[in-house]
Amino acid sequence: YLPNLIAVDMAHSRLKALEARIIGEKMALLGAREVREQWSNVRIGDVPICIKGFGLLGSSVGEALIRLGYPPDAITVFDPSPEARAKAAALGCQVRARDETQERDRAVVFVCTSVASVGVDNAASFARDALFLSLTSEGKGIQLDAIKGAAFDFEPVAVGISGPRFKRRAKPRTRFGSDITNLI
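Report on the accompanying structure.

Definitions and limits used
Here the residue numbers are simple positions, counted from 1 along each chain's written sequence. In keeping with the model being predicted, local features are shown solely for residues with a pLDDT of at least 70 and side-chain atom pairs are shown and tallied solely at 80 or more, while totals for entire chains, interfaces and linings include all residues. In computing side-chain values, all of the structure's heavy atoms are included and hydrogens and water are not. Each helix is a run of H or I in the DSSP string that is no shorter than four residues. Each strand is a run of E no shorter than two, and both are numbered from the N terminus. Exposure is judged per residue with a 1.4 Å probe applied to protein chains only, and the accessible area is read against the type maximum: over 50% gives exposed, under 20% gives buried, and values in between give partly exposed. Residue-level accessible areas treat just the shown protein chains as cover; the underlying method is Shrake-Rupley with a 1.4 Å probe. Each reported salt bridge corresponds to a side-chain nitrogen of Lys or Arg within 4 Å of a carboxyl oxygen of Asp or Glu. Only buried residues count toward a nonpolar core. Its members are Ala, Val, Leu, Ile, Met, Phe, Trp, Tyr and Cys residues joined through side-chain atoms within 4.5 Å. We call two residues contacting when some pair of their heavy atoms lies within 4.5 Å. Under this scheme, a helix contributes an axis fitted over its contacting stretch, all axes are lines through C-alpha atoms, and angles between N-to-C directions fall in the 0 to 180 degree range. When the near helix sits turned anticlockwise from the far one by under a right angle, the crossing is termed left-handed; a clockwise turn instead gives a right-handed crossing. Under the scheme applied, nonpolar residues are Ala, Val, Leu, Ile, Met, Phe, Trp, Tyr, Cys and Pro; charged residues are Asp, Glu, Lys and Arg; polar residues are all the others, including Gly. Note on patches: the residues involved have over 30% relative accessible area and no salt bridge, like charges join within 9 Å, and the nonpolar side chains Val, Leu, Ile, Met, Phe, Trp and Tyr join within 5 Å. Each pair of strands is called paired provided DSSP finds at least two bridges between the two strands. For crossovers, right-handed means that the path from the first strand over the helix to the second runs clockwise, given strands pointing away from the viewer.

Here the focus is the overall build of the protein chain. Along the backbone of the protein chain there are five helices and eight strands. Counting over 184 residues, the protein chain shows a buried share of 43%. Just so you have it, the protein chain exposes about 9,700 Å², and 54% of that area is on carbon and sulfur atoms.

Here you go:
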């Protein structure tokens with residue numbers, strides 16, 4: 001028996017929306033910094049973006065990149081959900097239901113899934129030289145143990161707020177892992 005039960009839905013509150021916006025911008029800017037550090041002063045605005053998972057976190061990153069001046073048509077969203085793909089398409093992003101091999105020299109991949117969605121089978125499909133940023137708790141979006149045990153030679157780049165980022169020392173090379181006007 002619960003005489004005075006009060007339930008507050010924080011998941012759909014304005015506070016949660018504000019938090020998502022702040023986190024999205026923070027992750028977009030961290031991604032811009034990682035691009036400059038890993039690719040010798042290349043701007044994130046010069047590299048195609050892939051967002052794996054377009055739920056609250058993925059859509060927040062995509063919206064932040066667009067607000068910061070990144071062209072939406074240079075963002076490719078990978079999500080099995082028709083609703084998430086429709087939301088991304090409404091922003092002007094390219095959408096895919098599943099991974100497809102991309103003929104790109106470089107790409108930044110924001111992994112925003114709560115389940116493992118990047119592994120040995122698809123890590124090389126995003127670009128010949130890719131920087132993966134796992135934004136989920138404890139890096140759940142990337143199958144790190146499988147990748148470490150595969151024929152690829154991955155090594156940690158750094159351990160950041162969102163967990164480890166890795167790079168692969170093999171071709172195609174894959175990495176996991178200032179002035180705001182010059183970032184985008």
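Here the narrative resumes.
On to the pattern of salt bridges. Scanning the entire structure with this criterion turns up nine salt bridges. For the salt bridge of R33 with E37, the shortest nitrogen-to-oxygen distance reads 3.7 Å. On the criterion of helical spacing, the pair formed by R33 and E37 is a turn pair, its members being four residues apart in helix α1 (residues 14–38). Judged by its relative accessible area of 39%, R33 is partly exposed.

Core analysis: the largest hydrophobic core is formed by 26 residues, its most contacted members being I49, I51, L65, V108 and F110. Looking at this core, the elements that each hand over two or more residues are α1, β1 (49–52), α2 (56–67), β2 (75–78), α3 (82–91), β4 (106–111) and β5 (129–134). By residue number, the principal contributor to this core is α1, which donates four residues. Core analysis: the next-biggest nonpolar cluster, separate from the first, contains 14 residues, F78, F126, F132 and I142 among them.

Of note, S60 is situated in helix α2. Judged by its relative accessible area of 6%, S60 is buried. Apart from residues no more than four positions distant in its own chain, S60 is found in contact with A20, R21, G24 and G55.

Let's shift gears to the packing of α1 against α2. For any two helices packed against each other, the geometry comes down to the angle between their axes and how far apart the axes lie. Taken N-terminus to C-terminus, the directions of α1 and α2 make an angle of 65 degrees; their axes are 7 Å apart at the nearest point. The two elements α1 and α2 cross, and the hand of that crossing is right-handed. When α1 is examined against α2, the residues K16, A20, R21, I23, G24, E25, M27 and A28 are found in contact with a partner set consisting of L56, L57, S60, V61, A64, L65 and R67. Taken together, the residues of the contact of α1 with α2 break down into nine nonpolar, two polar and four charged.

The subject of this paragraph is the environment of V115. For V115, the location among the structural elements is in the loop between β4 and β5. Looking at V115, the relative accessible area reads 54%, which means it is exposed. Along the sequence, V115 and G141 sit 26 residues apart, while their C-alpha atoms lie 5.2 Å from each other. In this structure V115 touches K140 and G141, once residues within four positions along its chain are discounted.

Right, let's talk about a nonpolar patch on the surface for a bit. Taken together, I6, V8, M10, L15, L18 and I22 make up a surface patch of nonpolar side chains, about 650 Å² in accessible area. Mapped onto the elements, I6 comes out in the segment before α1. In this structure I6 comes out as exposed when scored by relative accessible area, which is 73%.

Of the two faces of β1, both are covered, the one formed by I49 and I51 as well as the one formed by C50 and K52. When β1 meets β2, the two strands line up parallel, connected through four bridges. From the neighbouring strand, I49 faces β2, where its bridge partner is I75. The β-α-β motif built from β1, the intervening α2 and the parallel element β2 has right-handed crossover chirality. Bridge count for β1 against β4 is four bridges, and the pairing is parallel. Directly across from I49, in β4, lies its bridge partner V108.

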